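A structural walkthrough
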Amino acid sequence: MRAKAILLQFILMMGVWLLLSGRVTFENLAAGAIVALVITMMTTSRTSMLGEIRLTPRALGAHLLFFLVFLRELIRSNLDVARRVLSPSLPIHPGIVKVKTRLRSPLGRFVLANAITLTPGTFTVDIMGDSLFIHWLDMAPEDAEAAARHIVSRFEKYLEVAYG
Amino acid sequence: MVDVAVTCALVLILGALVLAGVRFVAGPTAVDRVIALDVLTVISLPLMGIIAHLSGRSIYLDVALIYGLLSFIGVLAVARYLDGGLS
Amino acid sequence: MNVLSIAGALLVGFGAIFLFIGAIGLLRMPDCYTRIQAGTKASTLGTILSLGGIGLLHPSWLGKALLILLFVLLTNPVSSHVLARAAHLAGILPRGDTEVDELAAETEAKHHSINGGGST
């Protein structure tokens, strides 16, 4: 768990370094490795959350599928908000709904909350334990619970495989 | 054609900055002003990208990166203050 | 004038349109929660598209543009969530015709139990 967190953080730091410098030479890679190693050593006790990512092929596939679903929802979300903002009557019925999540890993819950924030008409206001409080731009007056459940489970089925 | 599109984008982004600035001045609560400030800084990032394109110097992208980083920390700090400090 | 720079210019243009719509939403929405909705969503996609377009216009800058883009994608939802939470804790209630507010009920109950029930 801990070794995995350290390794993942090192790879992440190395990736940031390479994107920032934009050159792949031996000197550059060596300097990046040293900097990434020092930062990883300094901060590793606080980033053990990264160890919750599962790295089995099935989990990596779930990550990829989650990312694709997320991108589709992000674009739909923006078109939806644009439609509402530009229509003269401003068709919104806001409300805050509580939903329970099955995810146990804190990192998984964090990713779920961020994904909900960037999907059509919803964003996460607060997390208390295993319940998410979702602000809804246009909620159905009847059966809000089931609709919220639907929004969460759309991402949950992938995140459950990827984080547990 | 590239120049036309980038100029249109520049005008739209400047217009967006003015609109968000109106919300920043109008308020009415402190939270509304912080939201407007957050949106203003996020809008500034692509603006800096366009400036980098127009001037042909990639240093503006580094500026945008650090600006985004600092504004995120700033928003976290102000939100912490608004919800009652570290009690 | 190649395909890459045309695609980049189009992306920059579309991104700017989304940013403008987000700013209009920020101005038109009635209370601070709905303003957060309009402000963060449209500006996230607008920033991603614009910076991706800049990256396509100058392929040697793609790495840096990608880094800013990922950073915005990760931090923008967090800052919106933090602001909404601060607003709720500061006691700013959603607009009058908001349908339900289960978070207010929850915090009320918690507050009540901490104070040992009927202390008032």
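Residues numbered from 1 in each chain as written. Chains lettered and ligands numbered in written order. Predicted model: local features only at pLDDT ≥ 70, side-chain atom pairs only at ≥ 80, totals over all residues. Heavy atoms only, no water.

**Observations regarding the overall build of chain A**
Our working definition: A run of H or I in DSSP becomes a helix once it reaches four residues, and a run of E becomes a strand once it reaches two; helices and strands are each numbered from the N terminus. When a residue's accessible area, from a 1.4 Å probe over protein chains only, is under 20% of the maximum for its type it is buried; when over 50% it is exposed; and in between it is partly exposed. We call two residues contacting when some pair of their heavy atoms lies within 4.5 Å. Under the convention used here, a 1.4 Å probe and the Shrake-Rupley method define accessible areas, while residue burial counts only the protein chains that appear.
Helices and strands together make up the secondary structure of chain A, namely 5 helices and 3 strands. Beginning at the N terminus, the succession of helices and strands in chain A can be written as α-α-α-β-α-β-β-α. Among the 164 residues that make up chain A, the fraction classed as buried is 47%. Restricting the contact set of chain A to residue pairs at least 6 apart, pairs at least 24 apart contribute 72%. For chain A, the computed accessible surface area is about 8400 Å², with 70% contributed by carbon and sulfur atoms.

**Here we look at the overall build of chain C**
Of regular secondary structure, chain C possesses 4 helices and 0 strands. Secondary structure elements of chain C occur, N-terminal to C-terminal, as α-α-α-α. A burial count over chain C gives 57% of its 120 residues as buried. Taking all contacts inside chain C whose residues are at least 6 apart in sequence as the whole, residues at least 24 apart take part in 69%.

**Topic: the layout of surface pockets**
By rolling a water-sized probe across the atoms, one finds the places where empty space is left. Operational definition: Here a cavity denotes grid points, spaced 1 Å and computed from the protein atoms alone, that fit a 1.4 Å probe unable to get out, and a pocket denotes an open set having protein on both sides within 12 Å along at least 5 of 7 lines; residues with an atom within 4 Å of a point are the lining. Grid points are joined across faces, edges and corners, and a volume is the space filled by probe spheres set on the points.
Of the volumes computed, that of the largest pocket is approximately 2100 Å³. Surrounding the largest pocket, 45 residues form its lining, Leu12, Val16 and Leu50 of chain A together with Leu70 and Leu74 of chain C being those nearest its centre. Elements represented by at least two residues in the lining of the largest pocket include exactly helix H1 (2-21), helix H2 (26-43), helix H3 (57-86) and helix H4 (106-117) of chain A, helix H3 (59-82) of chain B together with helix H3 (62-89) of chain C. The dominant element in the lining of the largest pocket, judged by the number of residues it contributes, is H1 of chain A, at 10 residues.

**Digging into the side chain of Ser50 of chain C**
Tracing the chain through its elements places Ser50 of chain C in helix H2 (residues 32-57). Overall, the relative accessible area of 1% leaves Ser50 of chain C in the buried class. Ignoring anything within four residues of it in the chain, the contact list for Ser50 of chain C reads Pro46 of chain B together with Leu11, Val12, Gly15, Ala16 and Leu19 of chain C.

**Considerations on empty space enclosed by the protein**
Convention followed: Each residue receives one of three labels: charged for Asp, Glu, Lys and Arg, nonpolar for Ala, Val, Leu, Ile, Met, Phe, Trp, Tyr, Cys and Pro, and polar for the others, Gly being one of them.
Taken as a whole and judged by the stated rule, the model has 2 cavities of 30 Å³ or more. Its volume calculated, the largest cavity comes out at about 100 Å³. Taken together, Asp38, Thr41, Val42, Leu45, Gly68, Ser71 and Phe72 of chain B together with Phe71, Val72, Thr75, Asn76 and Ser79 of chain C make up the lining of the largest cavity. Contributing elements (two or more residues each) for the lining of the largest cavity: helix H2 (30-55) and H3 of chain B together with H3 of chain C. Of the residues contributing to the lining of the largest cavity, the split by class is 5 nonpolar, 6 polar and 1 charged.

**Details of the nonpolar core**
Stated precisely, the cut-off is as follows: Only buried residues count toward a nonpolar core, which is a set of Ala, Val, Leu, Ile, Met, Phe, Trp, Tyr and Cys residues joined through side-chain atoms within 4.5 Å.
Formed by 60 residues in total, the largest nonpolar core has its most connected members in Val85 of chain A, Ile13, Ile35 and Ile50 of chain B together with Ile68 and Leu83 of chain C. The set of elements that each furnish at least two residues to this core consists of H3 and strand S2 (122-128) of chain A, helix H1 (2-26), H2 and H3 of chain B together with helix H1 (3-28), H2 and H3 of chain C. In terms of residues, this core owes the most to one element, H2 of chain B, which gives 12 residues. Those residues in contact with Leu83 of chain C, other than ones at most four positions away along the chain, are Val31, Val34, Ile35, Asp38, Val75 and Ala79 of chain B together with Ile36 of chain C.

**A closer look at a nonpolar patch on the surface**
What counts, and what does not: Candidate patch residues must exceed 30% relative accessible area and have no salt bridge, after which like charges are joined if within 9 Å and Val, Leu, Ile, Met, Phe, Trp or Tyr side chains if within 5 Å. We define a salt bridge as a contact between a side-chain nitrogen of Lys or Arg and a carboxyl oxygen of Asp or Glu at a distance within 4 Å.
The grouping of Met1 of chain B together with Leu10, Phe14 and Ile17 of chain C at the surface amounts to a nonpolar patch, some 380 Å² of accessible area in total. Within the fold, Phe14 of chain C resides in helix H1. On the accessibility criterion, Phe14 of chain C (46% relative accessible area) is partly exposed.

**Brief notes about the confidence of the model for chain A**
Interpretation of the predicted coordinates at a detailed level should be avoided for regions scoring low in pLDDT. Quick reminder of the rule: Confidence of the predictor in every single residue is expressed as pLDDT, which spans 0 to 100.
Taken residue by residue, chain A gives an average pLDDT of 79. The fraction at 70 or more is 91%. Mean pLDDT values for the elements of chain A range from 76 in helix H5 (residues 144-163) of chain A up to 85 in H2 of chain A.

**Focus on the interface of chain C and chain B**
Threshold: By convention, the term buried area covers the 1.4 Å-probe accessible surface removed from two parts as they join, with the contributions of both added. We call two N or O atoms a polar contact when they sit within 3.5 Å, provided that within protein one can donate a hydrogen and the other can accept it, with sequence-adjacent residues counted only if both atoms are side-chain atoms.
Taken residue by residue, the interface counts 45 residues in chain C and 46 residues in chain B. Around 3900 Å² of area is buried between chain C and chain B when both sides are counted, 83% of it from carbon and sulfur atoms. Counting across the interface, chain C meets chain B through 2 salt bridges. One salt bridge in this structure joins Lys64 of chain C and Asp62 of chain B, with 3.3 Å as the shortest N-O distance. Counting the contacts that link chain C with chain B gives 6 residue pairs in polar contact (both at pLDDT 80 or more). Secondary-structure elements contributing two or more residues to the side of chain C that touches chain B are H1, H2 and H3 of chain C. The element that contributes the greatest number of residues to the side of chain C that touches chain B is H3 of chain C, accounting for 15 residues.

**Overview of the packing of H1 of chain B against H2 of chain B**
Residue and element names in this part refer to chain B. Keep this limit in mind: Fitted lines through C-alpha atoms give the axes, limited to the stretch in contact for helices. The angle between two N-to-C directions lies from 0 to 180 degrees. Oblique is the label for every angle not falling under 35 degrees (roughly parallel), over 145 degrees (roughly antiparallel), or within 65 to 115 degrees (roughly perpendicular). Crossing handedness: left-handed means the near helix sits turned counterclockwise from the far one by under a right angle, and right-handed means the same turn made clockwise.
Where H1 meets H2, the axes come as close as 9 Å, and the angle between the chain directions of the two elements is 160°. As far as their axial angle goes, H2 and H1 are roughly antiparallel. Of the two possible hands of crossing, H1 and H2 adopt the one that is left-handed. In the contact of H1 with H2, the residues fall into 21 nonpolar, 3 polar and 2 charged.

**A short note on the packing of aromatic side chains**
All names here are of chain A. Quick reminder of the rule: Aromatic rings from Phe, Tyr and Trp, with only the six-membered ring used for Trp, were paired whenever their centres fell within 6.5 Å, and each pair was classed as stacked if the ring planes differed by under 30 degrees, edge-to-face if by over 60, and tilted otherwise.
In this structure the tally under the stated criterion is 3 aromatic pairs over all chains. For the pair Phe66 and Phe70, a centre-to-centre distance of 6.2 Å together with 20° between the ring planes defines the contact as stacked. In this pair, Phe66 and Phe70 are both assigned in helix H3, 4 residues apart and thus about one turn of the helix distant. Phe70 shares its class with Phe66; the two are buried. Relative to Phe155, the ring of Phe66 lies with its centre 5.7 Å away and its plane at 75°, an arrangement referred to as edge-to-face. Residue Phe66 is found in helix H3, and its partner Phe155 is found in helix H5; the two are separated by 89 residues along the sequence. Grouped by ring-pair contacts, the aromatic residues Phe66, Phe70 and Phe155 constitute a single cluster.

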